[in-house]
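Listed here are the chains, written in short residue letters.
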Amino acid sequence: VPQDRPLCILFICTANVCRSPLAEAFMAKHVRAAGATMQVASASVHDQIRSTHPLVIQILSEQQLTPRRTNSQPLSNDLVKAADLIVTMTGAHAISVAGKFRDSRANVFVLDHLVQLMRPMAANETLDDWLADMRRQPRMYPNHPGAQDITDPVDKDEETFRSIAAQIDGLTEQLARSFVSGPA
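Residues numbered from 1 in each chain as written. Predicted model: local features only at pLDDT ≥ 70, side-chain atom pairs only at ≥ 80, totals over all residues. Heavy atoms only, no water.

Caption draft 1: The arrangement of the sheet that holds strand β3 (residues 85–88) in detail. Overall, parallel pairing links the four strands, which are arranged β2-β1-β3-β4 in an open sheet. Of all strands in the sheet, those with a lone pairing partner are β2 (38–44) and β4 (108–110), marking the two edges. Adjacent strand axes in the sheet meet at a mean angle of 25° when their direction is disregarded. Examined bridge by bridge, strand β1 (residues 7–13) and β2 share seven bridges and lie parallel to one another. Within β2, the position partnered with L10 by the bridge is A41. Along the sheet, helix α1 (residues 19–33) makes contact with β1 and β2, crossing β2 at roughly 175°. (Pairing = 2+ DSSP bridges. Helix = DSSP H or I, 4+ residues; strand = E, 2+ residues; numbered from the N terminus. Axes fitted to C-alpha atoms, helices over the stretch in contact; angles between N-to-C directions. Contact = heavy atoms within 4.5 Å.)

Structure (structure tokens):
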């Protein structure tokens, strides 16, 4: 997709130790595989600094990926301002981010719902025009019928972690594909 600047996506979850680091790493992998350019980051809605979950590191390393950081990164005003799209794992996260950073409301989407809304950029469309159209899409989290929360795997077994990682991998692959699939 020809863009006038790289898109910046920020993935958000509760503690930035499981779901959002997986989303960040998988999205970066899929964007690279597609030959596209995009800035990808992740953060937590909580301020407490915690270590990335060992199963996340293991699952990523099995795909020759590493998390960008080994400690969580609390959501900050600078991260919010830099992001074109703020992609949360749950409707509750979306409400939390939009409530704390009111100017960001139009940029906040639940991952599963954003994948459903995504459309390729038109050949003559700028990134800013495309984003403006995406930001006009209706959202009513957490009660939006199209927004499926991604369950927190913390305190769950390895099978649950792997299932959630596969879900996030699949959604970020669809998201990346929609950015690079070209004009509709």
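Caption draft 2: Just the side chain of H30, in detail. Mapped onto the elements of the fold, H30 is located in helix α1. Residue classification places H30 among the buried positions, given a relative accessible area of 11%. Engagement of the side chain of H30 in a polar contact is seen with the side chain of D169, the distance being 2.5 Å. When neighbours within four sequence positions are excluded, H30 is seen to be in contact with D169, T172, E173 and A176. (Buried < 20%, exposed > 50% of the residue type's maximum accessible area, 1.4 Å probe, protein only. Polar contact = N/O pair within 3.5 Å; in protein donor to acceptor, adjacent residues only side chain to side chain.)

Caption draft 3: Representation of the nonpolar core in the model. Within the largest apolar cluster, 60 residues are counted, with the highest numbers of intra-cluster contacts made by I9, F11, M27, L85, L175 and F179. At eight residues, helix α7 (residues 158–180) tops the list of elements feeding residues into this core. In this structure, M27 is in contact with I9, F11, M38, V40, T172, L175, A176 and F179, ignoring residues within four places of it in sequence. (Core = buried A, V, L, I, M, F, W, Y, C linked by side-chain atoms within 4.5 Å.)

Caption draft 4: How the structure looks around the pattern of salt bridges. Scanning the entire structure with this criterion turns up ten salt bridges. For R162, the salt bridge is made with E62, and the minimal N-O distance between the two is 2.7 Å. Pair noted here: R162 is in helix α7 and E62 is in the loop between α2 (54–61) and α3 (77–82), with a separation of 100 residues, a long-range link. Take E62: its relative accessible area is 42%, and that puts it in the partly exposed class. A salt bridge links R119 to E125; its shortest N-O distance comes to 2.6 Å. Owing to a relative accessible area of 15%, E125 belongs among the buried residues under this scheme. What you see here is one network of salt bridges that share partners, running through R119, E125, D133 and R136. (Salt bridge = Lys/Arg side-chain N within 4 Å of Asp/Glu carboxyl O.)

Caption draft 5: Region of interest: the packing of α1 against α2. Where α1 meets α2, the axes come as close as 10 Å, and the angle between the chain directions of the two elements is 15°. Taken as axis vectors, α1 and α2 run roughly parallel relative to one another. Regarding α1 and α2, the two cross each other, and that crossing is right-handed. In contact with P21, L22, A25 and F26 of α1, α2 contributes V56, I59 and L60. (Parallel < 35°, antiparallel > 145°, perpendicular 65-115°, else oblique. Left-handed = near helix turned anticlockwise from the far one by under 90°.)

Caption draft 6: Just the pairing of β1, in detail. Counting buried residues in β1 gives seven out of seven residues, a clear majority hidden from the surface. Of the two faces of β1, the one holding L7, I9, F11 and C13 and the one holding C8, L10 and I12 are both buried throughout. Note on the crossover from β1 through α1 to β2: the handedness is right-handed. (Right-handed = clockwise from strand over helix to strand, strands pointing away.)

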